[in-house]
Amino acid sequence: QVQLVESGGGLVQPGGSLRLSCAASGRDIRIYTMGWYRLAPGNQRDLVAQITSGGVTNYADSVKGRFTISRDNAKNTVYLQMNSLKPGDTAVYYCHADMSAAPYFSRDDYWGQGTQVTVSS
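How each quantity is defined
Residues numbered from 1 in each chain as written. Predicted model: local features only at pLDDT ≥ 70, side-chain atom pairs only at ≥ 80, totals over all residues. Heavy atoms only, no water. Disulfide = S-S within 2.5 Å. Helix = DSSP H or I, 4+ residues; strand = E, 2+ residues; numbered from the N terminus. Buried < 20%, exposed > 50% of the residue type's maximum accessible area, 1.4 Å probe, protein only. Polar contact = N/O pair within 3.5 Å; in protein donor to acceptor, adjacent residues only side chain to side chain. Contact = heavy atoms within 4.5 Å.

## Description of the state of the cysteines
Point 1. In total, this model carries 1 disulfide according to the counting rule given.
Point 2. Here Cys22 connects covalently by a disulfide to Cys95, the sulfurs 2.1 Å from one another. Handedness here is read from the sign of the S-S torsion; for Cys22 and Cys95, about -80°, the answer is left-handed. Here Cys95 lies in strand S9 (residues 91–100) and Cys22 lies in strand S3 (residues 18–25), a separation of 73 residues in the sequence.
Point 3. Of the residues examined, Cys22 reaches a relative accessible area of 0% and is grouped as buried.

## Remarks on the side chain of Asp98
Point 1. Inspection of the secondary structure assignment puts Asp98 in strand S9.
Point 2. A relative accessible area of 14% places Asp98 in the buried class.
Point 3. For Asp98, the side chain forms a polar contact with the side chain of Arg107, separated by 2.9 Å.
Point 4. In contact with Asp98, other than residues within four places in its own chain, are Arg30, Ile31, Tyr32, Thr33, Arg107, Asp108 and Asp109.

Below you can see the structure in the form of structure tokens.
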């Protein structure tokens, strides 16, 4: 069974930092793009950042220069380092992976359960 397990959310003051992690597991998985999306109340789920298997990154304009996405292919894990956090970054953050797995090896989209990030004084 394929799973994405997230960790690292919480409450932080404006200007603070948090690091999110997301580990993928499953039999014979092959991961292509991994990324983070966020959903704030009243909004749609938006892309925050993504990274290809080759390390090419893409960021939402609102987080450029503050957030850094990285991945450890050996651990099937993606990270999101969030610095200079603002109240507007408050949302549920979801890990996403474009990957394939046994037994059918069909490429598909997988999502984590979501982790709450709250930026407030």
